[in-house]
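The residues making up each chain are set out below.
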Amino acid sequence: MLQGKRILVGISAGIAAYKSVFLVRLLKKYGAEVKVVLTPSAHDFVTPLSLATLSGHPVLSEFTVSKEGGEWNNHVAHGLWADAMIIAPATANTMSKMVNGAADNFLLACFLSAKCPVLIAPAMDLDMYKHGSTRENLAKLEEFGHYIVPAESGSLASGLSGEGRMAEPETILEHLRSVLFPTTNLRGKSILITAGPTREAIDPVRFITNHSSGKMGYALAKRAVQLGMEVHLVSGHTYLSQPEGLSSFTLINNANDMFEACSAIHPSVDALIMSAAVADFTPVSKSEQKIKKGEGDMSIQLTRTKDILSELSKSKNDKVHVGFAMETQNEIENAKSKLERKHLDFIVLNSLNKKGAGFGVDTNLVTIIDKDNNLQESELKSKDDIALDILLKLDTYFETA
């Protein structure tokens, strides 16, 4: 559910801090990488040793690692590291400082540096929670774009009963899921995704392939599962682990294998994303034995492989088809031409001319072009986030379904 997600958990000084120990454990259980930040006073309520053991990372609290050695904890780096930050419990004091931009402890400095979604789970006594200043601070934090996980009713540390109790870890987790993986029209839809390179054999030892790592296709498959889709992944050979939650996984060797696998699955799905880097040519003949090195040069006669997208488009009907274009020149024009030729609903343009994009890297920078000639350019970000952008674009094609 949270596989590969980086979560920064901030804990301020409230009795509800004991629940945050269970929250860290729950986040780890669902595959997240977790780092914990404590305010200085939070040490009175939870121990760094417990949190470090559960999270697998040293607990952060001070600006300096060693005053004598001059080492410091980089709050900016930790703020930028996270895919999401959860502050639980968020006391009235901490929220007041967050609203006013105070940075007198390491947690607040990380909060002010965070570029990711921030979830805030308030916890305090009944009268404090209902006080006008607290209500105003909660409203301002929401106005800043942060997400409030409302306090619940129940028994409070003061002996009173009412609103102010920090939400349960399972409730906070569900809020986090809805923030990271928004509900879409894609839930329940089925999709065929292709990924990775093909291998066109020359002999039993050698083959023709390309630089595709499969990372973009696997990110799409993982994100589609998280969005509630029934995902069928057809993949060439990669070094990646098979994403969890797939409806089917088919490992193929060459372009013809991919064509046959896709042809079998395609009739039953609602959408197709063809992100695999399929070879355009294959050797006319494959030697049954290893070709020995001889004198002089050697030529290999090549023939065209099947155009999988064009073939599948013949039975497109009301399915949504998405393709990828990897270009080095006349990028927009070439992508638009492919979009039209292959009867796609939209195409994702990758440029090898842009640093941090393309094969083998964990980031990408794409332009999404639809058949109405709308262009949606992304900034450089993780392939996981690019995958979400692509799937949210796909979501718009099912709005009236």
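Only a predicted model underlies this, so the values are computations on that prediction, with no experimental measurement involved.

A. Highlighting the packing of aromatic side chains. Overall, the coordinates contain one aromatic pair when judged by the stated rule. The interplanar angle of 25 degrees and the centroid separation of 5.6 Å between the aromatic rings of F346 and Y397 together place this pair among those described as stacked. In this pair, F346 is assigned in strand β19 (residues 346–351) and Y397 in the segment after α13 (383–395), connecting sequence segments 51 residues apart. The buried category is assigned to F346, whose relative accessible area is 0%. Between K35 and the ring centre of W81, over which it is positioned, the NZ or CZ distance is 4.5 Å. Over the ring of F281 we find R304, and its NZ or CZ is 5.3 Å from the ring centre.

B. Fine view of the environment of G154. The residue G154 is located in strand β8 (residues 152–155) in this model. The buried category is assigned to G154, whose relative accessible area is 18%. Spatially, the C-alpha atoms of G154 and M166 are 9.4 Å apart, while their sequence positions differ by twelve residues.

C. Structural detail: the packing of helix α4 (residues 92–100) against helix α7 (residues 132–143). The geometry of α4 relative to α7 is characterised by a closest axis approach of 10 Å and an angle of 50 degrees between their N-to-C directions. Relative to α7, α4 is oriented oblique. Along this stretch, α4 crosses α7, giving a crossing that reads as left-handed. When α4 is examined against α7, the residues A92, M95, S96, M98 and V99 are found in contact with a partner set consisting of T134, N137, L138, K140 and L141.

D. Representation of the sheet that holds strand β21 (residues 366–370) in the model. Here eight strands make up an open sheet; going across it, the order is β14-β13-β10-β15-β18-β19-β21-β22 and the pairing mixed. What marks the edges here is a single partner per strand, and that holds for β14 (248–251) and β22 (375–377). Neighbour-to-neighbour, the strand axes of this sheet turn through a mean angle of 15 degrees, independent of strand direction. Of the strands in this sheet, β10 (190–195), β13 (230–235), β14, β15 (271–274) and β18 (320–327) are in contact with helix α9 (residues 215–226), which crosses β10 at around 160 degrees. Docked against the sheet, α13 engages β10, β15, β18, β19, β21 and β22, running at close to 10 degrees with respect to β21.

E. Region of interest: a nonpolar patch on the surface. Nonpolar side chains collect at one region of the surface, where F281, M298, I300 and L302 lie side by side and expose about 360 Å² of accessible area between them. Mapped onto the secondary structure, I300 falls in the loop between β16 (281–283) and β17 (302–304). When its relative accessible area of 36% is taken as the criterion, I300 is described as partly exposed.

F. Quick look at the side chain of N350. Looking at where N350 falls in the secondary structure, it is placed in strand β19. Here N364 takes part through its side chain, which lies 2.8 Å from a polar atom of the side chain of N350. Ignoring sequence-local partners within four residues, the contact set of N350 consists of F324, A325, M326, E327, N364 and V366.

G. The arrangement of unusual backbone geometry in detail. Here the amide bond leading from A88 into P89 is cis, since omega sits at 0 degrees, within 30 degrees of zero. Of note in this structure, N317 is not a glycine but carries a positive phi near 50 degrees. If you trace the backbone, N317 turns up in the loop between α11 (308–313) and β18. Judged by relative accessible area, N317 falls into the exposed class, the value being 67%. Although it is not a glycine, N330 sits at a positive phi angle of roughly 45 degrees. As for its position among the elements, N330 is in the loop between β18 and α12 (331–341). Using a relative accessible area of 51% as the deciding quantity, one classes N330 as exposed.

H. Local environment of the side chain of H321. Along the polypeptide, H321 turns up in strand β18. A polar side-chain atom of H321 sits 2.8 Å from a polar atom in the side chain of H266. Ignoring anything within four residues of it in the chain, the contact list for H321 reads H266, L272, L309, L312, S313, K316, H343, L344, D345 and F346.

Parameters and conventions
- Residues numbered from 1 in each chain as written.
- Predicted model: local features only at pLDDT ≥ 70, side-chain atom pairs only at ≥ 80, totals over all residues.
- Heavy atoms only, no water.
- Phe/Tyr/Trp six-rings, centres within 6.5 Å; stacked < 30°, edge-to-face > 60°.
- Helix = DSSP H or I, 4+ residues; strand = E, 2+ residues; numbered from the N terminus.
- Buried < 20%, exposed > 50% of the residue type's maximum accessible area, 1.4 Å probe, protein only.
- Lys NZ or Arg CZ within 6 Å of the ring centre and 35° of its normal.
- Axes fitted to C-alpha atoms, helices over the stretch in contact; angles between N-to-C directions.
- Parallel < 35°, antiparallel > 145°, perpendicular 65-115°, else oblique.
- Left-handed = near helix turned anticlockwise from the far one by under 90°.
- Contact = heavy atoms within 4.5 Å.
- Pairing = 2+ DSSP bridges.
- Patch = residues over 30% accessible without salt bridge, like charges linked within 9 Å, V, L, I, M, F, W, Y side chains within 5 Å.
- Areas by Shrake-Rupley, 256 points an atom, 1.4 Å probe, with all protein chains shown as cover.
- Salt bridge = Lys/Arg side-chain N within 4 Å of Asp/Glu carboxyl O.
- Polar contact = N/O pair within 3.5 Å; in protein donor to acceptor, adjacent residues only side chain to side chain.

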